[in-house]
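# Secondary and tertiary structure notes
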Amino acid sequence: MFVRSFVLSCSFLTSLIIVGTGVRAAEVRHAAPEPAETLTIPDVVPAMPDKVSFQSKLSADSYNLIDGYLWKPVGASAQAKVPLVIVAHGHTGMFYCGSNPAYAVAVSGACNVTIQSQYTSLARELTAAGIGMMLVNSFTPARNDRILQLHVNQTGWEIYPLGLNEDKTKRDALVSDHASRPYDLAGAAAAVGTVAPWANGSKLVALGYSHGGSAAMALALSNHPVNTSPLNGGRQFLRIFATYPGCALGGVNTYYKASAAVTPLSIGTGSADTSVPPGTMPGTPSDKGACRERYEAAKTAAVAGSGLFRIDWWNYTGATHSWETAQGPENEAARAHWRAKVLDYAVSLK
C-alpha cells in the first residue's frame, strides 16, 4: 500500500512539473550534505481555475445564475477537445476560509474564500490524465442573498461561503439536493460549448458528493422532471457517479417513484454510513433501506426496450459517510477505488 501511494504521489508531481504554468514553488531543506542544500519543489496546489457563469435550468431568475470553476488540462483546445467531469459539491459547499490569500478565489468579509482540497486534488488527478473538470457552485452569493430575503430577520439560513446549516430545518428549497440542484448540473452541461469550448460536450461525466451526490442521482432518475423534454438533463451525460448520496431524496422513498436511470448511473456508498444508511445489498434480505429501494425500483423499471438503466451499486464494507475526507483504512480504500473508477471511465472517453 505504501509503495502504491508513493507511485501515485510521484505521478502527481511529474504532471505538475510538466504543466508549469500557474504553479507556485516551495522549498525543502535536505541535510545529507553539509551545509544543508535548499531545493525548489512545485506546489501541490494546481493552477487556479477559471471562474465562469451559466444559467441554471431551474429558472431564468438572476439568482439562479450559477458559478462554475474550470480546470483545463494541458493541450486541450477547440481543435483538440477533451472529456469533462462536472462535479457537484456536498452540503458544506466547496469553500473554506483559508489563511493564505494567494490561494483564495474571492474574499468575503474576513474570509479568504478557498476551494476545499478534496476538489483541488481531484482536479489535479483529472487534468494530469488529460481530463477537464468543472466544479459547480450551487451555493452562490446571489442565492445566499435571495434566501436571506426570503427569511428576513431569521438567522442560520446563510449558504455562502461555508454551506448549509447542519440544522436541516434551516435549508431553503432553492438549494434542495433533489428538487433544485439537478437543474444546476443540467445548466452546466448545456453551457459547456460556451464556457469551455475546449471540452467535448458529447463526452460529459457527472460526479456528486453527499448532498451533491443526491443531486447527481436525482439527475439520472427517469421520473424526475429534469428529464422531461426539452430539458433531458441526465441524458446530456454519458455516465453519472453519485457518491454517498441520500437515496431517499428528501426523507421518504417515494420521491420520483419507480424510476430507473436515463443514463448509466453508479452509486458509491459505505456500509458503515450512519448519516444516510444505504441499506442491505441485493442477495440479502431487504431492510427497505433507501438505496436498496432505489436499486430494486430501477431493476423493475429498466425492462428490455425501455431505454433505461439499472443502478450500478458499490457498497464499501466498513466505509463511512464522507470517505473523501474521513480517516481510516476502509475510507482510504473506498476513496482510492472510487476515484480510480471515475478516472478510468473518463480516460476511456478520450
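This text follows the structure it describes.
Quick look at the structure, then. Being a predicted model, the structure only gives us computed values, none of them experimental. (Residues numbered from 1 in each chain as written. Predicted model: local features only at pLDDT ≥ 70, side-chain atom pairs only at ≥ 80, totals over all residues. Heavy atoms only, no water.)

### With respect to helix α7 (residues 329-348)
Applicable threshold: Secondary structure elements follow DSSP: runs of H or I of four or more residues count as helices, runs of E of two or more count as strands, with numbering from the N terminus. To estimate how far a helix should reach, multiply one less than its number of residues by 1.5 Å. Here's how the labels work: a residue is buried when its accessible area is under 20% of the maximum for its type, exposed when over 50%, partly exposed in between, all with a 1.4 Å probe on protein chains only.
The end-to-end C-alpha distance of α7, which contains 20 residues, comes to 28 Å, matching closely the 28 Å that a straight helix rising 1.5 Å per residue would cover. Listing the buried residues of α7 in full gives Asn-331, Ala-334, Trp-338, Arg-339, Lys-341, Val-342, Leu-343, Tyr-345 and Ala-346.

### Focus: the state of the cysteines
Let me state the cut-off plainly: The definition used for a disulfide is geometric: two cysteine sulfur atoms within 2.5 Å.
Scanning the entire structure with this criterion turns up two disulfides. A sulfur-sulfur distance of 2.1 Å marks the disulfide that ties Cys-97 to Cys-111. An S-S torsion of about -105 degrees defines the bridge between Cys-97 and Cys-111 as left-handed. Taken together, the residues span a long stretch of sequence, with Cys-97 in strand β6 (residues 95-98) and Cys-111 in strand β8 (residues 111-115) at a distance of 14 residues. Judged by relative accessible area, which is 40%, Cys-97 ranks as partly exposed.

### Let's talk about the sheet that holds strand β10 (residues 199-209)
How we decide: One bridge is not enough; two strands pair if DSSP finds at least two bridges between them. Orientation is described by axes fitted as lines to C-alpha atoms, over the contacting stretch for helices, and by angles from 0 to 180 degrees between their N-to-C directions. Contact criterion: two residues are considered in contact whenever any of their non-hydrogen atoms come within 4.5 Å of each other.
Ordered by their spatial adjacency, eight strands build an open sheet running β3-β4-β9-β5-β10-β11-β12-β13, and the pairing between neighbours is mixed. Edge positions in the sheet fall to β3 (50-55) and β13 (311-316), since each of these pairs with one other strand and no more. Neighbour-to-neighbour, the strand axes of this sheet turn through a mean angle of 25 degrees, independent of strand direction. Across four bridges, the pairing between strand β11 (residues 239-243) and strand β12 (residues 265-270) is parallel. Counted as the bridge partner of Thr-243 is Gly-268 from β12. Seen against the sheet, helix α6 (residues 290-301) touches β12 and β13 and runs at an angle of roughly 155 degrees to β13.

### Re the pattern of salt bridges
Filter applied, for reference: Just to be clear on terms, a salt bridge is a Lys or Arg side-chain nitrogen sitting within 4 Å of an Asp or Glu carboxyl oxygen.
Taken as a whole and judged by the stated rule, the model has six salt bridges. We note a salt bridge from Glu-125 to Arg-339, for which the minimum N-O separation is 2.5 Å. With Glu-125 in helix α2 (residues 117-128) and Arg-339 in helix α7, this residue pair connects regions lying 214 residues apart in the sequence. Here Glu-125 matches Arg-339 in class, with each residue buried. For the salt bridge of Asp-312 with Arg-239, the shortest nitrogen-to-oxygen distance reads 3.4 Å. Of this pair, Asp-312 sits in strand β13 while Arg-239 sits in strand β11; the two residues are 73 residues apart in sequence, bridging distant segments of the chain. Of the residues examined, Arg-239 reaches a relative accessible area of 16% and is grouped as buried.

### Here we look at the environment of Leu-70
Note that Leu-70 resides in strand β4 (residues 65-71). Here the alpha-carbon distance between Leu-70 and Ala-196, two residues 126 residues apart in the chain, equals 7.9 Å. If we skip the residues at most four places from it in the chain, Leu-70 touches Pro-49, Asp-50, Val-52, Leu-84, Met-133, Met-134, Val-195, Ala-196 and Trp-198.

### Digging into the packing of aromatic side chains
Two descriptors summarise a pair of aromatic rings, namely the distance from one centre to the other and the angle between the planes of the rings. Operational definition: Any two rings among Phe, Tyr and Trp, with Trp reduced to its six-membered ring, count as a pair given centres within 6.5 Å; such a pair is stacked if its planes are under 30 degrees apart, edge-to-face if over 60, and tilted if neither.
Summed over all chains, the structure comprises twelve aromatic pairs. When the ring of Phe-241 is compared with that of Trp-338, the centres are 5.7 Å apart and the planes differ by 85 degrees; the resulting orientation is edge-to-face. Of the two residues, Phe-241 is situated in strand β11 and Trp-338 in helix α7; the sequence distance between them amounts to 97 residues. Pair check on accessibility: Phe-241 and Trp-338 agree, each one buried. Relative to Tyr-256, the ring of Tyr-255 lies with its centre 5.9 Å away and its plane at 50 degrees, an arrangement referred to as tilted. Tyr-255 gets classed as partly exposed once you look at its relative accessible area, which sits at 31%. Residue classification places Tyr-256 among the buried positions, given a relative accessible area of 15%. Site record: aromatic cluster; members linked through ring pairs are Tyr-119, Tyr-209, Phe-241, Tyr-244, Tyr-316, Trp-323, Trp-338 and Tyr-345.

### Considering the sheet that holds β8
The strand order across the open sheet formed by three strands is β6-β8-β7, and the pairing between neighbours is antiparallel. A strand with exactly one partner marks an edge of an open sheet, and here the two such strands are β6 and β7 (106-108). Taken pair by pair, the neighbouring strands of this sheet meet at an average axis angle of 45 degrees, ignoring direction. Where β7 and β8 come together, three bridges link them in antiparallel fashion. Within the sheet, the bridge partner assigned to Ser-108 lies in β8 and is Cys-111.

### Here's the deal with the nonpolar core
A general tendency of soluble globular proteins is for nonpolar side chains to be buried together. The line we're drawing: Grouping buried Ala, Val, Leu, Ile, Met, Phe, Trp, Tyr and Cys residues that are joined through side-chain atoms within 4.5 Å yields what is termed a nonpolar core.
Counting 51 residues, the largest nonpolar core has Leu-84, Ile-86, Met-134, Leu-265 and Ile-267 as its most contacted members. Here this core gets eight residues from one element, more than from any other, and that element is helix α4 (residues 181-195). Beyond its immediate sequence surroundings of up to four residues, Met-134 is in contact with Phe-54, Gly-68, Tyr-69, Leu-70, Leu-84, Val-85, Ile-86, Val-87, Ala-188 and Val-195. The next biggest cluster of nonpolar side chains, apart from the first, holds 32 residues, and it includes Val-113, Tyr-119, Tyr-160 and Ala-334.

### A few points about the layout of surface pockets
How we decide: In this analysis a 1.4 Å probe is tested at points of a 1 Å grid over the protein atoms alone, and where it fits but cannot get out there is a cavity; an open set with protein on both sides within 12 Å along at least five of seven lines is a pocket; lining residues have an atom within 4 Å of a point. Grid points are joined across faces, edges and corners, and a volume is the space filled by probe spheres set on the points. Three classes are used, and their members are as follows: Ala, Val, Leu, Ile, Met, Phe, Trp, Tyr, Cys and Pro are nonpolar, Asp, Glu, Lys and Arg are charged, and the others, Gly among them, are polar.
When its volume is computed, the second largest pocket comes out at roughly 590 Å³. Considering the residues around the second largest pocket, the lining is formed by 23 residues, among which Lys-168, Arg-171, Asp-177, His-211 and Val-276 are closest to the centre. Looking at the lining of the second largest pocket residue by residue, the classes come out as seven nonpolar, eleven polar and five charged.

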